[in-house]
Amino acid sequence: MRRNPYLLILLIAFGLSSCQSLDDDSEYAIQTYASFIKVRTPGSGLGLAKYSEGFLEKSWNVNAGLSDANLSDAQMESNEVWLASASQKKILVVGPSSGKVLETFSNLPIAPHFFSIGEKQVLICDSSANKIALIKRRNGDIQELVFEGKPSQCIYNSGKFYLQVNTREVAILDEQAMTMRANIQLDYDINQLQFDRYNTVVASAIDSATHYQTLITFNGDYQV
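Caption draft 1: Focus on the overall build of the protein chain. If you tally the helices and strands in the protein chain, you get zero helices and 19 strands. Classification of the 224 residues of the protein chain by burial places 46% in the buried group. Across the protein chain, the fraction of contacts at a sequence separation of at least 24, relative to all contacts at a separation of at least 6, is 36%. When the accessible area of the protein chain is evaluated, it comes to approximately 12000 Å², of which 47% is carbon and sulfur surface.

Caption draft 2: Layout of a nonpolar patch on the surface. A cluster of nonpolar side chains, namely Leu215, Tyr222 and Val224, defines an oily patch on the protein surface of about 300 Å² accessible area. Its place among the elements puts Val224 in the segment after β19 (211–216).

Caption draft 3: Highlighting the sheet that holds strand β18 (residues 201–206). With antiparallel pairing, three strands are arranged side by side in an open sheet as β17-β18-β19. Two strands lie at the open edges of the sheet, namely β17 (192–195) and β19, each paired on one side alone. Within the sheet, the average angular offset between the axes of one strand and its neighbour, ignoring direction, is 25 degrees.

Caption draft 4: Representation of the pairing of strand β16 (residues 180–185) within the structure. By the bridge criterion, five bridges tie strand β15 (residues 169–174) to β16 in an arrangement that is antiparallel. When the sheet's bridge partners are listed, Val170 is paired in β16 with Ile184.

Caption draft 5: View of the packing of aromatic side chains. Across all of its chains, the model carries five aromatic pairs by this definition. Their ring planes at 55 degrees and their centres at 4.9 Å tell us that Tyr156 and Phe161 sit as a pair that is tilted. The exposure class of Tyr156 is buried, given its relative accessible area of 17%. The exposure class of Phe161 is buried, given its relative accessible area of 0%. Pairing Tyr188 with Tyr212 gives two aromatic rings, centres 5.5 Å apart and planes at 25 degrees, and the pair type is stacked.

Caption draft 6: Main features of the pairing of strand β8 (residues 101–105). In this sheet, β8 lies alongside strand β7 (residues 90–94) in antiparallel orientation, the contact comprising four bridges. When the sheet's bridge partners are listed, Ile91 is paired in β8 with Phe105. Hairpin connection of β7 to β8: six residues between the antiparallel strands, including Gly99 at a positive phi of 75 degrees.

Caption draft 7: Spatial organisation of unusual backbone geometry. Although it is not a glycine, Ser59 adopts a positive phi angle of roughly 50 degrees. A positive phi is found at Asn107, a non-glycine position, where the angle reads about 55 degrees. Along the chain, Asn107 falls in the loop between β8 and β9 (114–117). Judged by relative accessible area, Asn107 falls into the exposed class, the value being 71%.

Calculation notes
- Residues numbered from 1 in each chain as written.
- Predicted model: local features only at pLDDT ≥ 70, side-chain atom pairs only at ≥ 80, totals over all residues.
- Heavy atoms only, no water.
- Helix = DSSP H or I, 4+ residues; strand = E, 2+ residues; numbered from the N terminus.
- Buried < 20%, exposed > 50% of the residue type's maximum accessible area, 1.4 Å probe, protein only.
- Contact = heavy atoms within 4.5 Å.
- Areas by Shrake-Rupley, 256 points an atom, 1.4 Å probe, with all protein chains shown as cover.
- Patch = residues over 30% accessible without salt bridge, like charges linked within 9 Å, V, L, I, M, F, W, Y side chains within 5 Å.
- Salt bridge = Lys/Arg side-chain N within 4 Å of Asp/Glu carboxyl O.
- Pairing = 2+ DSSP bridges.
- Axes fitted to C-alpha atoms, helices over the stretch in contact; angles between N-to-C directions.
- Phe/Tyr/Trp six-rings, centres within 6.5 Å; stacked < 30°, edge-to-face > 60°.

The following block contains the structure:
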């Protein structure tokens with residue numbers, strides 16, 4: 001199971017001031033108050049570190065009652081930190097300032113080794129049982145999907161989940177229809193899936209001499 005050991009997640013919030021002039025729009029300025037970093041810990045665990053005001057807090061996930069040994073993935077959405085535990089088959093929604101659990105999706109039918117947060121649903125991927133499922137954010141209803149292959153890392157944009165399958169395939173899952181739109185075969189083993197500044201999906205890999213990239217447009221379901 002491949003995993004990118006360092007993923008920087010920026011916590012974006014708006015700075016507020018109690019007294020400002022009519023011409024002062026500084027209250028709308030976007031500021032970064034903290035950064036969250038997924039870090040591979042000794043013993044093959046996964047920890048979430050918080051960096052704020054020059055201070056690095058290791059294993060920040062422990063504040064939510066989730067040890068490094070039980071943390072399988074972490075994401076950020078709308079100023080909330082989402083933590084997944086494959087061993088406990090649950091996902092926690094946590095306040096980034098307090099570290100308190102705001103919402104829990106527990107007793108999941110599959111282990112969330114990886115997950116991605118959509119607008120209306122959350123995709124969870126069990127890379128041991130080779131299964132995927134969708135959780136409705138509104139009420140927690142879960143729908144397992146027919147699936148073949150080994151799922152792993154996944155990302156979301158504009159109603160579509162982009163999911164790595166096996167080592168060289170990117171599957172595109174429609175959030176609304178809950179069906180696969182396309183399967184794109186690459187010529188190399190994928191190391192990372194991410195978006196560039198144009199919201200184009202970038203599937204990349206690095207070997208000893210070369211950095212490979214394939215771009216997948218969000219407007220269509222094909223390589224560009």
